Amino acid sequence: MTRFILRRLFSALVTLIISSFLVCMLIHLIPGDPVAMMMAQNSSPTPEQLAAMRHMLGLDLPLWQQYFHYMGRLLTGDMGRSIFGSEPVGKLLLERLPNTFALAFAGLAIAIGFGMPLGFFAAYKKGSWADSALMAFAVVGVSVPNFWLGLMLVLLFSMTLGWLPVAGEDWKSMILPAVTLGVTYMAIIARMTRSAMIEVFAEDFIRTARAKGLPESLVMFRHALRPAMISVVTIIGVVFGYLMGGAVVVENVFSWNGLGRLAIQAINYRDYPLIQGFILLFATIIVVMSVLLDIAYAWLDPRISVQ
């Protein structure tokens, strides 16, 4: 198990190094002069201002020097300064990160808390009207765009009924965006749980457990649930990544002060140091989640760590 974890940590480190290189080179993928585009909102930047900006961003250095300078700053926790406001990028990201995490985890809790029991119930009642109704609901949940669902929830619960605020910073303000994020992925988790449970129910060890006269609840929760969890944990990891990405849209619909809203503002202002920091932080979160998921696989199925 220890060797498995060390291998995964090494792979994660390589992935992060590649990600940092791509993020560092991001500014060179922009067609034309990136500095001129960044300063396009100034009426007419002088050649001296453009040269000063290139020097500040290190764009007047060879590519390999730019990368090593970028990595050197990263290792000291310096992600550069934003162009607009000239504030440290790391400080800006860390200020917004708790809000985005809170929203993503609330959405994930809704998706898991409702999706897994629904999928479990649909698998247990396979072929019944309840199974068909739940899977039809899941198809609808997957098909509805989250920005449209968010607007409909605002129209119903905020504008018509007045039960919940449209925007804000308290826990009441988090309910509608969390539900918006959670409903879509609740449907995905329900479908995945149903498929995994149906597959496990057909295994010989389940038939043997039932033939031995074990209580049905023991067969379900002790013998069937854990093997099925491997597939479900896979999709939960993917869902968390999508929740972080989906938060970019939902945060802007509900004016939630998270990373997604900050990223859209950075894109609008062409604040490339801030965009680079956002992408690198996002990649780091996804890589860390992947490592944690792989460790969870190995715990659920020890054969994975041996392989």
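No experiment lies behind these values; they were computed from the predicted model shown.

1. Section: the overall build of the chain
So, step 1. Counting its regular elements, the chain contains 13 helices and 0 strands.
So, step 2. Overall, the chain is about 85 × 55 × 30 Å in size when its C-alpha atoms are taken along their principal axes.
So, step 3. For the chain, buried positions account for 43% of its 307 residues.
So, step 4. When contacts within the chain are restricted to residue pairs at least 6 apart in sequence, long-range pairs at least 24 apart make up 74% of them.
So, step 5. For the chain, the accessible surface area stands at approximately 16500 Å², while carbon and sulfur atoms represent 69% of it.
So, step 6. For the chain, the centre of its 21 positive side-chain charges and the centre of its 17 negative side-chain charges are spaced 10 Å apart.

2. Topic: the pattern of salt bridges
If the charged atoms of two oppositely charged side chains come close together, the side chains can form a pair.
So, step 1. According to the stated counting rule, one finds 4 salt bridges in the structure shown.
So, step 2. Between glutamate 87 and lysine 91 there is a salt bridge; the shortest N-O distance is 3.3 Å.
So, step 3. Under the relative-accessibility criterion, glutamate 87 is labelled partly exposed at 32%.
So, step 4. We note a salt bridge from arginine 194 to aspartate 131, for which the minimum N-O separation is 2.7 Å. Of this pair, arginine 194 sits in helix 8 (residues 171-201) while aspartate 131 is found in helix 6 (residues 129-143), placing the two residues 63 residues apart along the sequence.
So, step 5. With a relative accessible area of 19%, arginine 194 lands in the buried category.
So, step 6. Counted as one network, the salt bridges with shared partners bring together Glu87, Lys91 and Glu95.

3. Quick look at helix 5 (residues 89-124)
So, step 1. Over its 36 residues, helix 5 extends 50 Å from the first C-alpha to the last, a length consistent with the 52 Å expected when each residue adds 1.5 Å.
So, step 2. The largest bend along helix 5 reaches roughly 35° and is located at leucine 97, with the proline proline 98 sitting one to four residues downstream.

4. A short note on the environment of leucine 274
So, step 1. Within the secondary structure layout, leucine 274 lies in helix 12 (residues 272-300).
So, step 2. Between the C-alpha atom of leucine 274 and that of glycine 162, which follows or precedes it by 112 residues, the distance is 37 Å.
So, step 3. Excluding residues within four positions of it along the chain, leucine 274 makes contact with Val89, Leu92, Leu93, Leu262 and Ala266.

5. Observations regarding the side chain of arginine 96
So, step 1. Its place among the elements puts arginine 96 in helix 5.
So, step 2. Among buried Asp, Glu, Lys and Arg side chains, arginine 96 stands out as unpaired, with glutamate 95 the closest opposite charge at 5.6 Å.
So, step 3. In this structure the side chain of arginine 96 is engaged in a polar contact, spanning 3.5 Å, whose partner is the side chain of asparagine 257.
So, step 4. In this structure, arginine 96 is in contact with Asn257, Gly258, Leu259, Arg261, Leu262 and Gln265, ignoring residues within four places of it in sequence.

6. Quick look at the packing of aromatic side chains
Think of a pair of aromatic rings as described by two things: how far the centres are apart, and how the planes are tilted against each other in angle.
So, step 1. Tallying each qualifying case throughout the model produces 5 aromatic pairs.
So, step 2. Aromatic pair tyrosine 67 and phenylalanine 68: ring centres 5.9 Å apart, planes at 65°, arrangement edge-to-face.
So, step 3. Judged by relative accessible area, which is 12%, tyrosine 67 ranks as buried.
So, step 4. Taking 6.0 Å as the distance between ring centres and 35° as the angle between the ring planes, the aromatic pair formed by phenylalanine 278 and phenylalanine 282 counts as tilted. Taken together, the residues phenylalanine 278 and phenylalanine 282, both in helix 12 and 4 residues apart, mark about one turn of the helix.
So, step 5. Three or more aromatic residues joined by ring pairs make a cluster, and in this case those are Phe21, Tyr67 and Phe68.
So, step 6. Over the face of the ring belonging to phenylalanine 201 we find arginine 210, whose NZ or CZ atom lies 5.8 Å from the ring centre.

7. A look at a nonpolar patch on the surface
So, step 1. Taken together, Phe147, Trp148, Leu151, Met152, Leu155, Met159, Val166 and Val249 make up a surface patch of nonpolar side chains, about 740 Å² in accessible area.
So, step 2. The leading source of residues in the nonpolar patch is helix 7 (residues 146-160), at 6 residues.
So, step 3. In this structure, methionine 152 sits in helix 7.

8. Remarks on unusual backbone geometry
So, step 1. Unlike most non-glycine residues, serine 255 shows phi in positive territory, near 55°.
So, step 2. Tracing the backbone shows serine 255 in the loop between helix 10 (216-253) and helix 11 (259-268).
So, step 3. Using a relative accessible area of 31% as the deciding quantity, one classes serine 255 as partly exposed.

Conventions used here
- Residues numbered from 1 in each chain as written.
- Predicted model: local features only at pLDDT ≥ 70, side-chain atom pairs only at ≥ 80, totals over all residues.
- Heavy atoms only, no water.
- Helix = DSSP H or I, 4+ residues; strand = E, 2+ residues; numbered from the N terminus.
- Buried < 20%, exposed > 50% of the residue type's maximum accessible area, 1.4 Å probe, protein only.
- Contact = heavy atoms within 4.5 Å.
- Areas by Shrake-Rupley, 256 points an atom, 1.4 Å probe, with all protein chains shown as cover.
- Lys, Arg positive; Asp, Glu negative; His and termini not counted.
- Charge placed at Lys NZ, Arg CZ, Asp CG, Glu CD.
- Salt bridge = Lys/Arg side-chain N within 4 Å of Asp/Glu carboxyl O.
- Expected span 1.5 Å × (residues − 1).
- Bend = angle between axes of the 7 residues up to and from the residue.
- Polar contact = N/O pair within 3.5 Å; in protein donor to acceptor, adjacent residues only side chain to side chain.
- Phe/Tyr/Trp six-rings, centres within 6.5 Å; stacked < 30°, edge-to-face > 60°.
- Lys NZ or Arg CZ within 6 Å of the ring centre and 35° of its normal.
- Patch = residues over 30% accessible without salt bridge, like charges linked within 9 Å, V, L, I, M, F, W, Y side chains within 5 Å.

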